[in-house]
Amino acid sequence: MGPKLILMRHGQSVWNKKNLFTGWVDIPLSEQGVQESIHGGKKIAHLPIDVAFTSSLIRAQMTLALALLHHASGKVPTFLHTDQRHAIHSEKTLASMLPVTIAWELNERMYGTLQGLNKQETAEQFGDEQVHRWRRSFDEAPPGGESLQMTAQRTVPYFHSAILPHLKAGRHVFVAAHGNSLRSIVMEIESLSPDEVVSLEIATGEPLIYSYEHGQWTKIPL
């Protein structure tokens, strides 16, 4: 079995709990989201992880840190910065760290003028069908925001340029991100059509695991 890619959607955020459109608004996890992240992390605690990636949004970064609290390696996630004042000057300490790359390309869909609005109230205003298309369709964007197709235009190239090379080099990778950024990556991995991805749901705090070998992906059940 080849190197593994672990994908995890962030735990419930405070705005998930309030049923608000979040998008790029930087909202932390709710108490339930904290527990989901820890619980999901325990499911992957035995799996090797060499490098990690997350978005620029705090809910994904919190999820990554919490998910790794009980990891068998005991390594401490360190969020990488280009400023040398963040540098670690001990080889021994470096060996105990897990490098985490922060990438805005892994951010959630940007929901435009819907951000901060209540989902149910928005459905009452625009109709259930319209809001469903904004949320679930492949190529229809909310006003001023991104469609899933537009989201994929940033996530998939980043996946190929920054994440896949680690797997090709035999490293195990953990990605903590968002429902729609991960949907676009899963769409790429599983070769889903635009119609098929509409019904794809990724649960909060639940790891998805894939093995990569000889250019082929295999989904691994937990």
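Overview of the structure.

A short note on the sheet that holds strand 5 (residues 173-177)
Thinking step 1. The strand order 3-4-2-5-1-6-7 describes an open sheet built from seven strands, whose pairing is mixed. The open sheet has two edge strands with one neighbour each: strand 3 (76-79) and strand 7 (216-220). Across this sheet, the average inter-strand angle for adjacent strands is 25 degrees, counted without regard to direction.
Thinking step 2. With five bridges connecting them, strand 6 (residues 207-213) and strand 7 associate as antiparallel partners. Counted as the bridge partner of S211 is T218 from strand 7.
Thinking step 3. Sitting on the sheet, helix 7 (residues 148-168) is in contact with strand 1 (4-9), strand 2 (51-54), strand 4 (97-102), strand 5, strand 6 and strand 7, with an inclination near 165 degrees to strand 2.

Looking at helix 8 (residues 179-189)
Thinking step 1. The buried fraction of helix 8 is high, at ten of eleven residues.
Thinking step 2. Those residues of helix 8 not exposed but buried are G179, N180, S181, L182, R183, S184, I185, V186, M187 and I189.
Thinking step 3. Count one or two residues on from helix 8 and you reach S191, which has phi positive near 55 degrees.

Examining the nonpolar core
Thinking step 1. Counting residues in hydrophobic clusters, the biggest one holds 29 residues, and the most contacted among them are L5, L7, F53, L106, I163 and V175.
Thinking step 2. Those elements that place two or more of their residues in this core are strand 1, strand 2, helix 7, strand 5, helix 8 and strand 6.
Thinking step 3. Here the element with the most residues in this core is helix 7; it accounts for seven residues.
Thinking step 4. Once you skip the residues sitting within four places of it in the chain, I163 turns out to touch L5, F53, L106, Y158, V173 and V175.
Thinking step 5. I44, L47, A52 and I209 belong to the second largest nonpolar core, which has 14 residues in total.

What to know about the packing of aromatic side chains
Thinking step 1. Applying the stated criterion across every chain yields a total of seven aromatic pairs.
Thinking step 2. A centroid spacing of 4.7 Å and a plane angle of 55 degrees characterise the contact between Y212 and W217, whose relative ring orientation is tilted.
Thinking step 3. Here a set of aromatic residues connected by ring pairs shows up, and it is made of F159, Y210, Y212 and W217.
Thinking step 4. A cation sits over an aromatic face here: K119 above F21, 5.7 Å from the ring centre.

Focus: the side chain of S181
Thinking step 1. Within the fold, S181 resides in helix 8.
Thinking step 2. Setting aside its immediate chain neighbours within four residues, S181 contacts L106, N107, E108, T151 and T155.

Topic: the packing of helix 2 (residues 31-43) against helix 3 (residues 58-67)
Thinking step 1. It is the contact of helix 2 with helix 3, at a shortest axis distance of 7 Å, that shows an interaxial angle of 45 degrees. In this view, helix 2 runs oblique relative to helix 3, as classed from their interaxial angle. Seen along the crossing, helix 2 lies across helix 3 with a hand that is right-handed. Between helix 2, through V34, S37, I38 and G41, and helix 3, the contact on the second element is made entirely by M62, T63, L66 and A67.
Thinking step 2. A class-by-class count of the residues in the contact of helix 2 with helix 3 yields five nonpolar, three polar and no charged.

Thoughts on the packing of helix 7 against helix 8
Thinking step 1. Closest axis-to-axis distance for the helix 7/helix 8 pair is 8 Å, and the angle between their directions is 65 degrees. Relative to helix 8, the element helix 7 is oriented roughly perpendicular. For the crossing formed where helix 7 meets helix 8, the hand is right-handed. Each of L148, T151, A152, T155, V156, F159 and H160 in helix 7 lies in contact with helix 8, whose residues at this interface are N180, S181, R183, S184, I185, E188 and I189.
Thinking step 2. Of the residues assigned to the contact of helix 7 with helix 8, the class counts are six nonpolar, six polar and two charged.

Some words on the pairing of strand 4
Thinking step 1. The sheet contact formed by strand 2 and strand 4 spans three bridges and is parallel. Directly across from T54, in strand 4, lies its bridge partner I102.
Thinking step 2. Bridge analysis of strand 3 against strand 4 gives four bridges, and the strand direction is parallel. Looking across to strand 4, one finds that V76 is bridged to M97.

Digging into the pattern of salt bridges
Thinking step 1. Counting across every chain of the model gives six salt bridges.
Thinking step 2. As a salt-bridge pair, R85 and D83 come within 2.6 Å of each other at their nearest N and O atoms.
Thinking step 3. Of the residues examined, R85 reaches a relative accessible area of 75% and is grouped as exposed.
Thinking step 4. What makes D83 partly exposed here is its relative accessible area of 29%.

Rules used in this analysis
- In this convention, every chain numbers its residues from 1, walking through the sequence in written order.
- In keeping with the predicted nature of the model, local features appear solely for residues at pLDDT of at least 70, side-chain atom pairs appear and are counted solely at 80 or more, and the whole-chain, interface and lining totals rest on all residues.
- Excluded from the side-chain calculation are hydrogens and water; included are all heavy atoms of the structure.
- Strand pairing is assigned whenever DSSP identifies at least 2 bridges connecting the two strands.
- Each helix is a run of DSSP H or I of at least 4 residues and each strand a run of E of at least 2, with the numbering of both proceeding from the N terminus.
- Only the contacting stretch of a helix is used when fitting its axis, a line to C-alpha atoms as for every element, and angles between N-to-C directions run 0 to 180 degrees.
- Two residues form a contact once any of their heavy atoms are found within 4.5 Å.
- Using a 1.4 Å probe on the protein chains alone, a residue whose accessible area is under 20% of its type maximum counts as buried, one over 50% counts as exposed, and one in between counts as partly exposed.
- The definition of a nonpolar core used throughout is a set of buried Ala, Val, Leu, Ile, Met, Phe, Trp, Tyr and Cys residues joined through side-chain atoms within 4.5 Å.
- Put simply, two rings from Phe, Tyr or Trp (the six-membered ring, in Trp's case) pair if the centres are within 6.5 Å, and we call them stacked under 30 degrees between planes, edge-to-face over 60, tilted for the rest.
- Counting as a charge over the ring demands two things of the Lys NZ or Arg CZ atom: a distance within 6 Å of the ring centre and an angle within 35 degrees of the ring normal.
- Geometric relationships in this document are graded by angle, where less than 35 degrees denotes roughly parallel, more than 145 denotes roughly antiparallel, 65 to 115 denotes roughly perpendicular, and other angles denote oblique.
- Should the near helix be turned anticlockwise from the far one by less than a right angle, the crossing is left-handed, and should it be turned clockwise, the crossing is right-handed.
- Residues were grouped as follows: Ala, Val, Leu, Ile, Met, Phe, Trp, Tyr, Cys and Pro as nonpolar; Asp, Glu, Lys and Arg as charged; and all remaining residues, including Gly, as polar.
- Just to be clear on terms, a salt bridge is a Lys or Arg side-chain nitrogen sitting within 4 Å of an Asp or Glu carboxyl oxygen.

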